[in-house]
Amino acid sequence: GAVVSQHPSWVICKSGTSVKIECRSLDFQATTMFWYRQFPKQSLMLMATSNEGSKATYEQGVEKDKFLINHASLTLSTLTVTSAHPEDSSFYICSARAYLVVKYNEQFFGPGTRLTVL
Amino acid sequence: QKEVEQNSGPLSVPEGAIASLNCTYSDRGSQSFFWYRQYSGKSPELIMFIYSNGDKEDGRFTAQLNKASQYVSLLIRDSQPSDSATYLCAAATGGFKTIFGAGTRLFVKA
């Protein structure tokens, strides 16, 4: 159980375009989803925390107008990178925390989306 | 600043040996601790979590927690080349935030 999917798994786009990444919990309901970014050989960097039905909480230094997050249901959160630039090229990973299983704060990660902006 | 510290490695062990990965955390309010494995180019995969002082065993993996010392470790017995990966330690408080360490790279030599 606790499977999280992401789509697309990789995307290449031109500078200035917007890219939407979907994160779905397949077999459980996720009240909270997290979006991370990871550059090569670096650690995970939390970008934002997304709670179903409310606005996302962004980490310091993350532009909320550039990285739009929507958590419309208990199984779906989306991250839209608006007006992408080459420096936004990275590995974007979502994770979900299972509803009613908050005692231990386990997070289950999606497979990630590799974004390349030309 | 709440932190989780790990030695970046690489930690190199021969096949069949015990690999010992260590982690310290700064927030005494942390209640749950996690070990994730991340292969190159892939997302993290949960291996174990622990929340009580002492040892927790699952197959070849043993997690150890010492809250007084703010120390968490992961032992991998009978290490295999397929265990070669980056291991992330994470600590969570009772709230939403989970803090991840930068990870330790493990290399198991065949």
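Throughout what follows, the structure given in this document is the object of discussion. Treat the numbers as computed from the prediction; the structure is a model and nothing was measured.

Conventions we followed
Every chain is numbered independently, its residues counted from 1 as its sequence is written. Just so you know, chain letters begin at A and ligand numbers begin at 1, following the order they were written in. Per-residue local features are limited, in this predicted model, to residues with pLDDT of at least 70; the limit for side-chain atom pairs, both in listing and counting, is 80 or more; totals at the level of whole chains, interfaces and linings are taken over all residues. With hydrogens and water excluded, all non-hydrogen atoms of the structure serve as input to the side-chain values. We count a stretch as a helix when DSSP gives it H or I for four or more residues in a row; a strand needs E for two or more, and each element gets its number in order from the N terminus. The criterion used for residue contact is that any of the two residues' heavy atoms lie within 4.5 Å. Criterion for a disulfide: a pair of cysteine sulfur atoms within 2.5 Å. Whether a residue is buried, partly exposed or exposed follows from its accessible area with a 1.4 Å probe, protein chains only, as a fraction of its type maximum: under 20%, in between, or over 50%, in that order. Here the buried area means the combined drop in accessible surface, using a 1.4 Å probe, for two parts upon being joined, counting both sides. By salt bridge we mean one thing: a side-chain nitrogen of Lys or Arg within 4 Å of a carboxyl oxygen of Asp or Glu. Under the rule applied, a polar contact is a pair of N or O atoms within 3.5 Å (in protein, one hydrogen donor and one hydrogen acceptor; residues adjacent in sequence only if both atoms are side-chain atoms). Nine residue types can take part in a nonpolar core, namely buried Ala, Val, Leu, Ile, Met, Phe, Trp, Tyr and Cys, and a core is a set of them joined through side-chain atoms within 4.5 Å. Between any two strands, at least two bridges found by DSSP are needed for them to pair.

## Notes on the environment of Lys 20 of chain A
Residues and elements named next belong to chain A. By the secondary structure assignment, Lys 20 is in strand β3 (residues 19–25). Taking the C-alpha atoms as reference points, Lys 20 and Phe 91, 71 residues apart in sequence, are found 14 Å from one another. Setting aside residues no more than four positions away along its own chain, Lys 20 makes contact with His 7, Pro 8, Thr 78, Leu 79 and Thr 80.

## Some thoughts on the state of the cysteines
Any covalent bond linking the sulfur atoms of two cysteines counts as a disulfide. Applying the stated rule across the entire model yields two disulfides over all chains. The side chain of Cys 23 of chain A participates in a disulfide bridge whose partner is Cys 94 of chain A; the two sulfur atoms lie 2.0 Å from each other. On the sign convention where negative means left-handed, the S-S torsion of about 80° between Cys 23 of chain A and Cys 94 of chain A marks this disulfide as right-handed. Of this pair, Cys 23 of chain A sits in strand β3 while Cys 94 of chain A sits in strand β9 (residues 90–98), placing them 71 residues apart in sequence. Each member of the pair Cys 23 of chain A and Cys 94 of chain A is classed as buried. With its sulfur 2.0 Å from that of its partner, Cys 23 of chain B forms a disulfide with Cys 89 of chain B. With the S-S dihedral at roughly -70°, the linkage between Cys 23 of chain B and Cys 89 of chain B falls on the left-handed side. Linking Cys 23 of chain B in strand β3 (residues 19–25) with Cys 89 of chain B in strand β9 (residues 85–92), this pair joins segments that are 66 residues apart in sequence. Look at Cys 23 of chain B and you get buried, because its relative accessible area is 1%. Cys 13 of chain A takes part in no disulfide bond, and the closest cysteine sulfur, belonging to Cys 94 of chain A, lies 18 Å away.

## Some points on the interface of chain B and chain A
At the junction of the two partners, chain B supplies 22 residues and chain A supplies 23 residues. The junction of chain B with chain A conceals about 1,600 Å² of combined surface from both sides, 55% of it contributed by carbon and sulfur atoms. Our count for the chain B to chain A interface comes out at zero salt bridges. For the pair chain B and chain A, the interface holds five residue pairs in polar contact (both at pLDDT 80 or more). Listed by contribution, the elements that provide at least two residues to the side of chain B that touches chain A are β4 (32–38), β5 (45–50), β9 and β10 (98–100) of chain B. For the side of chain B that touches chain A, the element with the highest residue contribution is β4 of chain B, accounting for four residues.

## Some remarks on the nonpolar core
Membership of the largest hydrophobic core comes to 26 residues, with the highest contact counts inside it found for Val 4, Phe 28, Trp 35, Phe 67, Leu 79, Tyr 92 and Leu 115 of chain A. Per-element tally for this core: the top contributor is β9 of chain A, with four residues. Residue contacts for Val 4 of chain A: discarding those within four places in its chain leaves Cys 23, Arg 24, Ser 25, Phe 28, Cys 94, Ala 96, Phe 108, Phe 109, Gly 110 and Pro 111 of chain A. By size, the runner-up hydrophobic cluster in this structure holds 23 residues, among which are Val 13, Ala 19, Leu 65 and Ala 91 of chain B.

## Points about the pairing of strand β5 (residues 45–51) of chain A
Residue and element names in this part refer to chain A. With six of seven residues buried, β5 lies mostly within the body of the structure. Hairpin connection between strand β4 (residues 30–38) and β5: a loop of six residues separates the two successive antiparallel strands, and Lys 41 in this loop has a positive phi of roughly 60°. Pairing analysis gives two bridges linking β5 to strand β6 (residues 57–58), with the strands arranged antiparallel. Bridging from a neighbouring strand, Thr 49 pairs with Thr 57 of β6. What sits between β5 and β6 in their antiparallel hairpin is a turn of five residues, with Gly 53 showing a positive phi close to 85°.

## Some words on the sheet that holds strand β1 (residues 4–5) of chain B
Strands belonging to one sheet form pairs held by backbone hydrogen bonds; the direction of such a pair is parallel or antiparallel. All names here are of chain B. Spatial ordering of the open sheet is given by β1-β3-β8-β7-β6, a layout of five strands whose pairing is antiparallel. What marks the edges here is a single partner per strand, and that holds for β1 and β6 (54–58). As defined by bridge partners, β6 adjoins strand β7 (residues 61–66) across five bridges and the pair is classed as antiparallel. When the sheet's bridge partners are listed, Asp 55 is paired in β7 with Gln 64.

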